[in-house]
Amino acid sequence: MEKRILGRTGYEVSVIGFGGIPIQNVDKDTAIKLVEEAHKQGINFIDTARSYNDSEKLLGQALEVVGREKFYIATKSMQRTYDGVLKDLEISLKNLKVDSLDLYQFHNVSKESEMETIFSENGALKAVKEMKEKGIIKEIGVTSHSVDLLNKLIDTNEFSTIQFPYNIVENQAEEAFKKAKEKNIGILIMKPLAGGAIPKGELCLRYIMENENITLAIPGMDTIEQVKENAGVGNNPRPLAEEEIKELQNYVEELGTQFCRRCGYCAPCSVGIDIPTNFLMEGYYTRYDLKDWALSRYNGMEVNAKDCIECGDCEPRCPYDLPIIEMLKNVAKVLG
Ligand code: SF4
Ligand code: SF4
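Within every chain, residues take consecutive numbers counted from 1 along the sequence as written. Here every chain gets a letter starting at A, and every ligand a number starting at 1, in the order they are written. This being a predicted model, a pLDDT of at least 70 is required before a residue's local features are given, and a value of 80 or more before pairs of side-chain atoms are given or counted; all residues contribute to the totals for chains, interfaces and linings. Water and hydrogen atoms play no part in the side-chain values, which are based on all heavy atoms of the structure.

Details of the site of ligand 2
- Around ligand 2, the structure places 13 residues, and the nearest of them are Cys260, Cys263, Gly264, Cys266 and Cys318.
- Note that Gly is not counted as nonpolar here; it falls among the polar residues with everything else outside the nonpolar set of Ala, Val, Leu, Ile, Met, Phe, Trp, Tyr, Cys and Pro and the charged set of Asp, Glu, Lys and Arg. Per-class residue counts for the shell around ligand 2 are 10 nonpolar, one polar and two charged. It suffices for a single heavy atom of a residue to lie within 4 Å of a molecule or strand for the residue to be listed as near it.

Quick word on the pairing of strand E6 (residues 103–106)
- Going residue by residue along E6, you find Leu103 and Gln105 tucked away on one face and Tyr104 and Phe106 tucked away on the opposite face as well.
- The pairing of strand E5 (residues 72–77) with E6 spans four bridges and is classified as parallel. Looking at E6, one finds that Ala74 is bridged to Leu103.
- Pairing between strands is defined by DSSP: at least two bridges between the two strands are required. Note on conventions: DSSP H or I runs of at least 4 residues are helices, E runs of at least 2 residues are strands, and numbering of each starts at the N terminus. Pairing of E6 with strand E7 (residues 140–143), which is carried by three bridges, proceeds in the parallel orientation. Residue pairing across strands places Gln105 opposite Gly141, the latter belonging to E7. Each residue gets one of three labels from its accessible area relative to the maximum for its type: buried under 20%, exposed over 50%, partly exposed in between, using a 1.4 Å probe on protein chains only.

Considerations on the sheet that holds strand E4 (residues 45–47)
- Here eight strands make up an open sheet; going across it, the order is E3-E4-E5-E6-E7-E8-E9-E10 and the pairing parallel. Pairing within the sheet leaves two strands with one partner each, and these edge strands are strand E3 (18–19) and strand E10 (216–217).
- Direction of pairing for strand E9 (residues 186–190) relative to E10: parallel, over a ladder of two bridges. Paired with Ile189 across the strands is Ala217, a residue of E10.

Points about the packing of helix H8 (residues 201–209) against helix H10 (residues 242–255)
- All axes are obtained by fitting lines to C-alpha atoms, using only the stretch in contact for helices, and the reported angles, taken between N-to-C directions, cover 0 to 180 degrees. Contact geometry for H8 and H10: axes closest at 11 Å, N-to-C directions at 105°. With respect to H10, the axis of H8 lies roughly perpendicular. Of H10, the residues touching H8 (which contributes Leu203, Cys204, Arg206 and Tyr207) are Glu244, Glu247 and Leu248.
- In terms of residue class, the contact of H8 with H10 is made up of four nonpolar, no polar and three charged. In these notes the angle categories are as follows: under 35 degrees is roughly parallel, over 145 is roughly antiparallel, 65 to 115 is roughly perpendicular, and the rest is oblique. Here, two residues are considered to be in contact whenever any of their heavy atoms come within 4.5 Å of each other.

Brief notes about the domain arrangement of the protein
- Note that the domain bounds were set by an automatic or database domain assignment. Assigned domains within the protein: domain 1 (3–240) and domain 2 (275–335).
- Look at where the C-alpha atoms of domain 1 and domain 2 centre, and you get two points 25 Å apart.
- Across the contact, 14 residues belong to domain 1 and seven residues belong to domain 2.
- With both chains or domains summed, domain 1 and domain 2 bury close to 930 Å², and 55% of this area falls on carbon and sulfur atoms.
- When residues of domain 1 are sorted by the area they lose upon contact with domain 2, Ile21, Asn25 and Gly195 head the list and together hold 35% of the total.
- Whenever a carboxyl oxygen of Asp or Glu lies within 4 Å of a side-chain nitrogen of Lys or Arg, that contact is scored as a salt bridge. At the junction of domain 1 and domain 2, the tally comes to zero salt bridges.
- Throughout this description, a polar contact denotes any pair of N or O atoms lying within 3.5 Å of each other; where both atoms belong to protein, one of them has to be capable of donating a hydrogen while the other can accept it, and for residues adjacent in sequence the pair is counted only when both atoms sit in side chains. The interface formed by domain 1 and domain 2 holds one residue pair in polar contact (both at pLDDT 80 or more) in total.
- Looking at the side of domain 1 that touches domain 2, its residues break down into six nonpolar, seven polar and one charged. Computed with a 1.4 Å rolling probe, the buried area is the accessible surface lost when two parts are put together, summed over both parts.

Structure (structure tokens):
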């Protein structure tokens, strides 16, 4: 398995990591088999989150059998305050059955106000740094979907890693990745298959690996076949052939008029809808077998697709000319 150094953490990680969203679909025995197979295939990095339902618990049960020491373990918290993040951390440690975490990330920082809270006097960063001093957290990272915020987060110089979507359709952060690499920040890639919109997993992962700024991609996996296929990309690294690049570009063209790149330029919605997250949840519901999770996140939003008043303010701001109103109607049809 090809390995790369995860920025200033110094961790030598497999270029393919184990993304922990879909494991919430499986039972304990399957979770153990998946983690065993991941280890067998040379994967040494697992990423999960407090918000992925039972993912942490299942991974904790699997790690107890396969061996915690075989992996770098990363999780994340949506909490932004000092007290909130400490509570989340306690739950994560218990779920994962570990005494320390190799990487703890602020999950999906999506607004400047969230960043301000994290960095404030009673903010989550202070708590996480204290935990780092105690050795309970080894490294601190952050995840986001907004390039503007990503740039600001990189500029703070507080993080050892960043995690951001990247694939042949969503490559808006390439300049930010360059900057992060110059600062020796490790770069983890989420949504490597464009949220399941591109069915050619192997080609998508090879596309990502060709970018030397990237440290590792963390595709989600819940079958042994997926573990083998994804790990195969790291075990047999080879550049994309011309016809393979063309094949990927055909998908880009197909998706062009209907695929949200989560750039956030359509914000703010006049009634407060988080437009890209609505599209993302519809994708998880339709393309992955994560129906309950996607529904609960969709219904948990204060306003969602069904609240669109069709004012049209957002559409001229979308650089990809997406028919946002029609697409939201479809989300409301699918998710309610
Ligand atoms: S058209 Fe709908 S989604 Fe767009 S800004 Fe208006 S209410 Fe928000
Ligand atoms: S709808 Fe358009 S502007 Fe809004 S996040 Fe998606 S791609 Fe960006």
